[in-house]
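Remarks on the overall topology
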Amino acid sequence: MTAEQAPRPRVAVVGGGIAGLAAAYFLRDVAAVTVFEGATRLGGKLAVSGIAGVAVDEGAEALLARRPEGTGLAAEAGLGGELRPASPAGAAIWTRGQLRPLPRRQFMGVPADLEELAGSGIVSAAGLAAARAGGQDAGDQQAGDQAVARYLGARLGPEVVDRLVDPLLGGVYAGRSDQLSFEATMPALAAATRDGQPVTAAAAALLDSAAGPRGDGPPAPVFVSLPGGLASLVPAVSAASAADVRTGAMVRAIERAAHGWRLTVGSAHNPRYEEADAVVLALPAAPAGRLLAGLPGAAAAAAGLAGVTTASMAIVTLAFPDTAFPAAPAGSGYLVPAVDGRAVKAVTFSTVKWPHLRAAAPGLQIIRCSVGRIGEEALLHRDDADLAELARAELAEATGVRGRPAAARVTRWGGALPQYTVGHLGRVARIRDSVASQPGLAVCGAVYDGVGIPACVASARAAAGRIASYLRAGQHGPAPVGSTRAAGGQ
């Protein structure tokens, strides 16, 4: 058989979220890719459905524009011209009895301008004095990874952490600053403070660097989305990958085979087997760990993944007529510190944040309320009607909105957000070292290098690069043609 006649290598991607689909896309030129997704739909935490007749995201809703991985993938999938910027409207913190403007000069809640912080009223006079006293302390005192609250609290005081840093982290991870790793959740700030910069100066430098050169035009958008919902990215990337995509195809085991890998797919009572030259696991921590636990030599990876905890949350989407608000929402939304004891941790005024959504929903305000932090699982046991009423009541207290919503939708995301707790970077390094001992195997997804879409895409590209290098080295054997086999048909 000539090289031209040789069958293409086959890669199995396990997991059809954005990381798995991106990995399939990046491998399209070097292999025949099959994506196995256990659920009945693709997309993972990307999903969209209608509320009040408008398509609105149920999960992730925005791409961070300054990271090119997400916008670049959208462009390669044919959606670059459809990306829409978020409104530059500011956000707020609902704390100490009222909505207070979120300082624009802050980096993940770390203030770069203490005078702006003072004007916001977010912290008390005592809290501001503590920040002034410690904000100029050098950052080179750090000894190993620490919790965000411990590291920043020692420099800015506990009140800045509780009322500014913690709600920002809670919005991203649904986690708590006394558990989350400073090194893993704020790597750029950690690196800058290791060089001896005070935290406030480091935050200012990072903000200036992200802003880039100042021109005469409008500032570049921070976030972008798509007019049909960010979940529109899913079918576009799936189609661009040219992969054989199979939903309802649960992978129950992976093992080494004579010519690469064998996957056990389907129900326990009626499994089938698939063979591939290489495998990418694009799964959350628990299912990835279960697959690796049965693989000789991958015990360290399985143990590391078993050590990753996750937070559950719910998104309550409410649609109100404009007339229900005493005044139109002025900003894009607000965050709520955990110390204030509220159920809703973040609110997005979606039709303010996204002008394209406002155009699609004239006369309506669509509001997105995020409920649930780690440790608040009992709250999420309430039924949909109770959660929607709880969100409405807290929204009314904060904004004065009157009456009942015209429509409500509750979307639950169980175990959706991995927690980057202290030691996370070392844990990920051990997982990857263990996986690297398995030729033709790679991992990617939100567990490793960031929970946002750009970070997931970056991890998918890295995993695809590892697999492509392995395949090009020619150390694999050809997967048999027509390799699907029923149990017992070996």
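See the structure above.
First things first, this report covers the structure right here in the doc. (Residues numbered from 1 in each chain as written. Predicted model: local features only at pLDDT ≥ 70, side-chain atom pairs only at ≥ 80, totals over all residues. Heavy atoms only, no water.)

A few words on the environment of alanine 328. By the element assignment, alanine 328 lies in the loop between strand E17 (310-321) and strand E18 (333-335). A sequence separation of 84 residues divides alanine 328 from arginine 412, and the C-alpha atoms of the two residues are 28 Å apart. (Helix = DSSP H or I, 4+ residues; strand = E, 2+ residues; numbered from the N terminus.)

We now examine the side chain of arginine 155. As for its position among the elements, arginine 155 is in helix H5 (residues 148-156). Taking relative accessible area as the criterion, arginine 155 reaches 6% and is therefore assigned buried. A distance of 2.9 Å separates the side chain of arginine 155 from the backbone oxygen of tyrosine 151, its partner in a polar contact. (Buried < 20%, exposed > 50% of the residue type's maximum accessible area, 1.4 Å probe, protein only. Polar contact = N/O pair within 3.5 Å; in protein donor to acceptor, adjacent residues only side chain to side chain.)

Below, the discussion takes up the environment of alanine 306. Relative to the elements of secondary structure, alanine 306 occurs in helix H12 (residues 299-306). Remark: the alpha-carbon pair of alanine 306 and alanine 285, spanning 21 residues in sequence, is separated by 6.9 Å.

The next thing to look at is the pattern of salt bridges. Per the counting criterion, the structure on display carries 20 salt bridges. Taking the shortest distance from any N to any O, the salt bridge between lysine 353 and glutamate 61 comes out at 2.7 Å. Here glutamate 61 lies in the loop between strand E4 (54-57) and strand E5 (63-64) and lysine 353 lies in helix H13 (residues 350-353), a separation of 292 residues in the sequence. When its relative accessible area of 12% is taken as the criterion, glutamate 61 is described as buried. (Salt bridge = Lys/Arg side-chain N within 4 Å of Asp/Glu carboxyl O.)

Moving on, we get to the packing of aromatic side chains. Under the criterion given, the structure shown has 6 aromatic pairs. Ring centres of tyrosine 25 and phenylalanine 26 lie 5.6 Å apart, and the angle between their planes is 65 degrees; on these two criteria the pair is classed as edge-to-face. For the pair tyrosine 25 and phenylalanine 26, one class covers both residues: buried. For the ring pair phenylalanine 320 and phenylalanine 325, a centre distance of 5.9 Å and an interplane angle of 80 degrees mean the geometry is edge-to-face. In this structure, phenylalanine 320 and phenylalanine 325 share a single accessibility class: buried. Aromatic ring contacts, followed pair by pair, group Trp94, Tyr334 and Phe349 into a single cluster. Between arginine 461 and the ring centre of phenylalanine 26, over which it is positioned, the NZ or CZ distance is 4.1 Å. (Phe/Tyr/Trp six-rings, centres within 6.5 Å; stacked < 30°, edge-to-face > 60°. Lys NZ or Arg CZ within 6 Å of the ring centre and 35° of its normal.)

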